[in-house]
Amino acid sequence: MTETTRGAGRRETVGRFAPSPSGRMHLGNVFCALGAWLAARSAGGRVILRQEDLDPQRCRPEYARQLEEDLKWLGLDWDEGGFDAGGPHGPYRQSARGEVYQSCFDALRSRGLCYPCFCSRGELHAAGAPHRSDGVPVYDGRCRSLTVEQRRELLSRGRWPAWRLRVPDREVSFTDGLQGLYTENLERDCGDFILRRSDGVWAYQLAVVADDGLMGVTQVVRGRDLLDSTPRQQALYRLLGLPEPEFFHLPLLLASDGRRLSKRDGDLDMGALRERFGTPQLLVGRLAWLMGLLDCPEPAEPRELAPLFSWERIPREDVMVPREVFYP
Ligand code: GLU
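Summary of the structure given here. (Residues numbered from 1 in each chain as written. Predicted model: local features only at pLDDT ≥ 70, side-chain atom pairs only at ≥ 80, totals over all residues. Heavy atoms only, no water.)

Counting its regular elements, the protein chain contains 12 helices and 14 strands. With the principal axes as the frame, the protein chain shows a C-alpha extent of 65 × 50 × 40 Å. Burial status across the protein chain gives 52% buried among its 328 residues. Of all intrachain contacts in the protein chain linking residues separated by at least 6 positions in sequence, the fraction that spans at least 24 positions is 73%. When the accessible area of the protein chain is evaluated, it comes to approximately 15,200 Å², of which 49% is carbon and sulfur surface. A distance of 4 Å separates the average location of the 45 positive side-chain charges in the protein chain from that of its 47 negative side-chain charges. (Helix = DSSP H or I, 4+ residues; strand = E, 2+ residues; numbered from the N terminus. Buried < 20%, exposed > 50% of the residue type's maximum accessible area, 1.4 Å probe, protein only. Contact = heavy atoms within 4.5 Å. Areas by Shrake-Rupley, 256 points an atom, 1.4 Å probe, with all protein chains shown as cover. Lys, Arg positive; Asp, Glu negative; His and termini not counted. Charge placed at Lys NZ, Arg CZ, Asp CG, Glu CD.)

Okay, structure coming up:
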């Protein structure tokens, strides 16, 4: 692990952008990328770009390359990383980091902290368990206590298990740099969560912690939809003995009907936005205005905005995107 210190032992800020290349970036992704970039650059820090392409069904190399081209067009550069890049902590695409995740997983498994789960998605949804805000049922731990014989019998019937982490039944709290205090009881609110899916794909929670921890990231800036992943990630940081970054969860962008913007809003993806705005400054200025950094949506470049950035100015509540501003 690289120690990121500078001067009198103060940790240098290392921020990151960790997109999933499953399509063209949309306005919400760009908002987060700009926020993460400004937070790192305004602190004189470095930026890492990591492509989170674990899901082979959804992610494609051409999306990753397009995403990097879009970031460059916006004026959001990075010091380390990228789909094809090597470097001190490379590779920087998760699909090529299986060995890293395997060794973290082995470390947890050798301490008896995880177990195979044979439940199918259908069984879990049918179980009548309460659902988390993302629609995933809270796992009731039913496979925790399978005997060795029961596991063998399920395996012999051709069932491939997912692997879950045993979580503690106690409240854990952390202070998000923007959203404030957040408390969760992992067992009650989430249940033992998946580290590796039954099809062998590593889970986001394990991969993101292994990567941010080993890449020396000190500051995670991302959308508020991932706030409730953070206690799971912190549990993993502690169990793996990796240094924890600070967390800042940005508000989400909402359409005028209050719905969260997503990849389905094709007219707000980077292809459509680039065509409508023509220059990055027009788009970046509008995003900076939504972020509270400018008084009006005037053109701006990321590097001019860095000196204006401060967490006090960033809204906590989700931000409604005024239609007329993004459809000039
Ligand atoms: N790859 C995740 C996404 O695009 C973000 C992960 C993170 O920032 O922790 O939603």
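What follows is about the site of the ligand. In the vicinity of the ligand, the contacting residues are Arg16, Ala18, Pro19, Ser20, Glu52, Tyr204, Val208, Arg222 and Leu226. Within the side chain of Glu52, an N or O atom sits 2.6 Å from a nitrogen atom of the ligand. One of the side-chain N or O atoms of Tyr204 is found 2.7 Å from an oxygen atom in the ligand. Compared with its free state, where it exposes 290 Å², the ligand has 76% of that area covered by protein. Residue composition of the shell around the ligand, by class: 5 nonpolar, 1 polar and 3 charged. (Near = heavy atom within 4 Å. Polar contact = N/O pair within 3.5 Å; in protein donor to acceptor, adjacent residues only side chain to side chain. Nonpolar A, V, L, I, M, F, W, Y, C, P; charged D, E, K, R; others polar.)

Running from N to C, helix H9 (residues 270–277) and helix H10 (residues 280–290) cross one another at 110°; their axes reach a closest spacing of 8 Å. One way to sum up the angle between H9 and H10 is to call them roughly perpendicular. Note on element contacts: H10 touches H9 through Leu282, Leu283 and Arg286, opposite Met270, Leu273 and Phe277. The residue makeup of the contact of H9 with H10, split by class, is 5 nonpolar, no polar and 1 charged. (Axes fitted to C-alpha atoms, helices over the stretch in contact; angles between N-to-C directions. Parallel < 35°, antiparallel > 145°, perpendicular 65-115°, else oblique.)

Another point: the sheet that holds strand E10 (residues 193–196). Taken in spatial order, the 3 strands make up an open sheet running E6-E7-E10, and their pairing is antiparallel. Strands at the two margins of the open sheet, each flanked by one partner only, are strand E6 (114–117) and E10. Along the sheet, successive strands turn relative to each other by an average axial angle of 45°, direction set aside. As paired strands, E6 and strand E7 (residues 162–165) are joined by 4 bridges and run antiparallel to one another. By the bridge assignment, Tyr115 is partnered in E7 with Arg164. (Pairing = 2+ DSSP bridges.)

Turning our eyes to something else, we now look at the environment of Asn29. With respect to the helices and strands, the residue Asn29 is situated in helix H1 (residues 27–42). Here Asn29 falls in the partly exposed class, since its relative accessible area comes to 22%. What Asn29 contacts, discounting residues up to four positions off in sequence, is Phe17, Arg24 and Lys263.

Buried residues dominate strand E12 (residues 246–250), accounting for 4 of its 5 residues. Relative to E12, strand E11 (residues 219–223) is paired through 5 bridges, and the arrangement is parallel. If you follow Gln219 over to E12, its bridge partner there is Glu246. Of the crossover connections in this fold, the one passing from E11 over helix H8 (residues 230–240) to the parallel E12 is right-handed. (Right-handed = clockwise from strand over helix to strand, strands pointing away.)

As a further point, take the packing of H1 against H10. In the contact formed by H1 and H10, the axes pass within 10 Å of each other and the chain directions differ by 75°. Considering the angle they form, H1 stands roughly perpendicular to H10. Here Leu27, Val30, Phe31 and Leu34 of H1 come into contact with H10, specifically with Leu283, Val284, Leu287, Ala288 and Leu290. Residue composition of the contact of H1 with H10, grouped by class: 9 nonpolar, no polar and no charged.

Now for the packing of aromatic side chains. The tally for this structure, following the rule as stated, stands at 8 aromatic pairs. Where Phe105 meets Trp163, the ring centres are 5.5 Å apart and the plane angle is 85°; that geometry is what we call edge-to-face. Residue Phe105 is found in helix H3 (residues 98–110), and its partner Trp163 is found in strand E7; the two are separated by 58 residues along the sequence. Trp163 carries the same exposure label as Phe105, and that label is buried. When the ring of Phe277 is compared with that of Phe326, the centres are 6.3 Å apart and the planes differ by 80°; the resulting orientation is edge-to-face. Residue Phe277 is found in helix H9, and its partner Phe326 is found in helix H12 (residues 323–326); the two are separated by 49 residues along the sequence. The exposure class of Phe326 is buried, given its relative accessible area of 0%. Through a chain of ring-to-ring contacts, the aromatic side chains of Tyr101, Phe105, Trp163 and Trp202 assemble into a single cluster. (Phe/Tyr/Trp six-rings, centres within 6.5 Å; stacked < 30°, edge-to-face > 60°.)

Now for the environment of Leu154. In this structure, Leu154 sits in helix H5 (residues 148–156). Between the C-alpha atoms of Leu154 and Asn185, which are 31 residues apart in sequence, the distance is 31 Å. Discounting chain neighbours no more than four positions away, the residues touching Leu154 are Phe118, Leu146 and Arg159.

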